[in-house]
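Each chain is listed here by its residues.
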Amino acid sequence: TCAYYAVGGWRRSPEADQRTRFSYHKNSGAVGTLIGMSILHIPGVFFWHLIVHHAWPALALVFTGLHVYTMVFTVGQAMAMRHRFMEVASTHLNLRFGMLFDTQIPLSAIDRVERATWSDLEKAPGTLCATFAAMANVRIVFHKPQKISLMAGITKPCTELVLGVDAPLQLMDALRRVRSV
């Protein structure tokens, strides 16, 4: 998956329609930050390999491989964030954040949807902040705790979910419209 998004993610550039598909703080700079971090790995690979290669060639090869994997993973994560949108379906909200999490929340589990502020980012018990160092502008409150899949089978029960999206009002309207149908 990392290689697919890192290599193939550059070819097509889908757009969120802001009616049923919403971008996850695309304009926050998270993608640029991740790609910038990958670029900073290049001197690390070069100098680590140069310094350690003469003393321990096998160790240099292992660490060079790990550096290359980290670069591919980071670029893949950035491209997956750019290509995988949140979707409002007729029965559920499909939350995606790059390759890290992909979970479906039944619309019947949502109590209310409202605007979020920076104060909602405080670590209150039961709150999951899924904003990745970006703005917080949508807060989803559940009737009862929902298990949100984070990554690699790890879940976190939460009563509130704080998101940062590019079109918060449109997402709130879409959720309200679909829930009332």
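Calculation rules
- Residues numbered from 1 in each chain as written.
- Predicted model: local features only at pLDDT ≥ 70, side-chain atom pairs only at ≥ 80, totals over all residues.
- Heavy atoms only, no water.
- Helix = DSSP H or I, 4+ residues; strand = E, 2+ residues; numbered from the N terminus.
- Contact = heavy atoms within 4.5 Å.
- Pairing = 2+ DSSP bridges.
- Axes fitted to C-alpha atoms, helices over the stretch in contact; angles between N-to-C directions.
- Polar contact = N/O pair within 3.5 Å; in protein donor to acceptor, adjacent residues only side chain to side chain.
- Salt bridge = Lys/Arg side-chain N within 4 Å of Asp/Glu carboxyl O.
- Buried < 20%, exposed > 50% of the residue type's maximum accessible area, 1.4 Å probe, protein only.

Here I148 lies in strand β7 (residues 138-151). Taking C-alpha positions, I148 is 8.1 Å from I105, a pair spaced 43 residues apart along the chain. Every residue in contact with I148, bar those within four places of it in the chain, is listed here: T103, I105, L128, I154, T155, K156 and C158.

On to the sheet that holds strand β5 (residues 110-115), then. In any sheet, the strands associate via hydrogen bonds between backbone groups, in a parallel or an antiparallel arrangement. Read across the open sheet, the 4 strands follow the order β5-β7-β8-β6; overall the sheet is mixed. Strands at the two margins of the open sheet, each flanked by one partner only, are β5 and β6 (127-130). On average, adjacent strands in this sheet sit at an angle of 65° to one another, irrespective of strand direction. Note: β5 against β7, 5 bridges, orientation antiparallel. Residue pairing for β7: R115 is matched across the bridge by V138. In this fold helix α4 (residues 168-180) packs onto β5 and β7, with an angle of close to 155° to the strand it touches most, β5.

This part covers the side chain of T64. The residue T64 is located in helix α3 (residues 57-83) in this model. In terms of polar contacts, T64 uses its side chain to reach the backbone carbonyl oxygen of A60, at 2.7 Å. Look past the residues within four positions of T64 in its chain and what remains in contact with it is V45 and H49.

Glancing now at the pattern of salt bridges. Two side chains carrying opposite charge are able to pair once their charged atoms lie near each other. In the structure shown here, the tally under the stated rule is 5 salt bridges. A salt bridge links R21 to E87, with the nearest nitrogen and oxygen atoms 3.9 Å apart. Taken together, the residues span a long stretch of sequence, with R21 in strand β1 (residues 21-22) and E87 in strand β2 (residues 86-88) at a distance of 66 residues. For E87, a relative accessible area of 26% puts it in the partly exposed group. Between E160 and R139 there is a salt bridge whose closest N-O contact spans 3.2 Å. You can see E160 sitting in strand β8 (residues 154-163) and its partner R139 sitting in strand β7, a full 21 residues away along the chain. Across this residue pair, the class does not change: E160 and R139 are buried. Through salt bridges with shared partners, a single network forms among D111, R112, E114, R139 and E160.

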